[in-house]
Amino acid sequence: MERVLAQRKQYTDALAVQILRSGSNKEKAELAMALGFDCPDYGFAQSMCIQLLQAEDEIVRGNAIIGLAHIARRFGKLDKRVVKPYLLRELRENIKCKDFIADAVHDINMYLGWSIADRRYK
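So, here's what we can say about the structure. No experiment lies behind these values; they were computed from the predicted model shown. (Residues numbered from 1 in each chain as written. Predicted model: local features only at pLDDT ≥ 70, side-chain atom pairs only at ≥ 80, totals over all residues. Heavy atoms only, no water.)

1. Some thoughts on the side chain of Asn-94
Phase 1 of the analysis: Positionally, Asn-94 belongs in the loop between α5 (80–93) and α6 (98–112).
Phase 2 of the analysis: By relative accessible area, which is 0% here, Asn-94 ends up buried.
Phase 3 of the analysis: A polar contact of 2.9 Å, which involves the side chain of Asn-94, links it to the side chain of Glu-90.
Phase 4 of the analysis: When neighbours within four sequence positions are excluded, Asn-94 is seen to be in contact with Glu-58, Arg-61, Gly-62, Arg-89 and Ile-101. (Helix = DSSP H or I, 4+ residues; strand = E, 2+ residues; numbered from the N terminus. Buried < 20%, exposed > 50% of the residue type's maximum accessible area, 1.4 Å probe, protein only. Polar contact = N/O pair within 3.5 Å; in protein donor to acceptor, adjacent residues only side chain to side chain. Contact = heavy atoms within 4.5 Å.)

2. Points about the packing of helix α1 (residues 13–22) against helix α3 (residues 42–52)
Phase 1 of the analysis: At a closest axis distance of 11 Å, the pairing of α1 and α3 adopts a crossing angle of 10°. Relative to α3, the element α1 lies roughly parallel. Here Asp-13, Ala-16, Val-17 and Leu-20 of α1 come into contact with α3, specifically with Phe-44, Met-48, Gln-51 and Leu-52.
Phase 2 of the analysis: Grouping the constituent residues of the contact of α1 with α3 by class yields six nonpolar, one polar and one charged. (Axes fitted to C-alpha atoms, helices over the stretch in contact; angles between N-to-C directions. Parallel < 35°, antiparallel > 145°, perpendicular 65-115°, else oblique. Nonpolar A, V, L, I, M, F, W, Y, C, P; charged D, E, K, R; others polar.)

3. Description of the packing of aromatic side chains
Phase 1 of the analysis: In the structure shown here, the tally under the stated rule is one aromatic pair.
Phase 2 of the analysis: When the ring centre of Tyr-42 is taken as reference, the NZ or CZ atom of Lys-77 above it lies at 4.4 Å. (Phe/Tyr/Trp six-rings, centres within 6.5 Å; stacked < 30°, edge-to-face > 60°. Lys NZ or Arg CZ within 6 Å of the ring centre and 35° of its normal.)

4. Some words on the pattern of salt bridges
Phase 1 of the analysis: Taken as a whole and judged by the stated rule, the model has four salt bridges.
Phase 2 of the analysis: One network of salt bridges, in which partners are shared, links Arg-61, Arg-89 and Glu-90. (Salt bridge = Lys/Arg side-chain N within 4 Å of Asp/Glu carboxyl O.)

5. Some thoughts on α5
Phase 1 of the analysis: Between its first and last C-alpha atoms α5 spans 19 Å; for 14 residues at 1.5 Å apiece the expected length is 20 Å, and the two agree.
Phase 2 of the analysis: Three or more residues of α5 are buried, namely Val-83, Tyr-86, Leu-87, Glu-90 and Leu-91. All buried residues of α5 project into a common sector of 135° when viewed along the axis, lining one side. What points out from α5, more than 90 degrees from its buried face, is the exposed set Arg-81 and Arg-92. (Expected span 1.5 Å × (residues − 1). Arc of directions from axis to C-beta.)

6. Description of the nonpolar core
Phase 1 of the analysis: Of all hydrophobic cores here, the largest spans 40 residues; its most connected members are Leu-35, Leu-52, Leu-68, Leu-78, Leu-87, Ile-108 and Trp-114.
Phase 2 of the analysis: Mapped by element, the contributors of at least two residues to this core are α1, α2 (25–38), α3, α4 (58–75), α5 and α6.
Phase 3 of the analysis: With eight residues, the top contributor of residues to this core is α4.
Phase 4 of the analysis: Residue contacts for Leu-87: discarding those within four places in its chain leaves Ile-65, Val-105, Ile-108, Trp-114 and Ile-116. (Core = buried A, V, L, I, M, F, W, Y, C linked by side-chain atoms within 4.5 Å.)

Here it is as structure tokens:
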């Protein structure tokens, strides 16, 4: 049997903005991950993930945190002043995605040499 790899959807900036404004929660959750994996523009990717963290849906917000972790891995930076409050809020409030948010925050700490909430999750 031939092995078939999943095809990832390619997002233009315009499509990403359109999904942010009027997409379904499923589309927003997928977008959050795609930004982390594929977006070549660090600033745009971080900004979009921050905007996705305004969503009511816990999965969208959880995926936005994972997206930020992949941005940290790929670019070696995040704006700590901007992202730290969201990381801490999601760790406290996002019950549905708590475990993988904790893993993502751990990864961000590792990639960037930060220590956000380290004492809580050792």
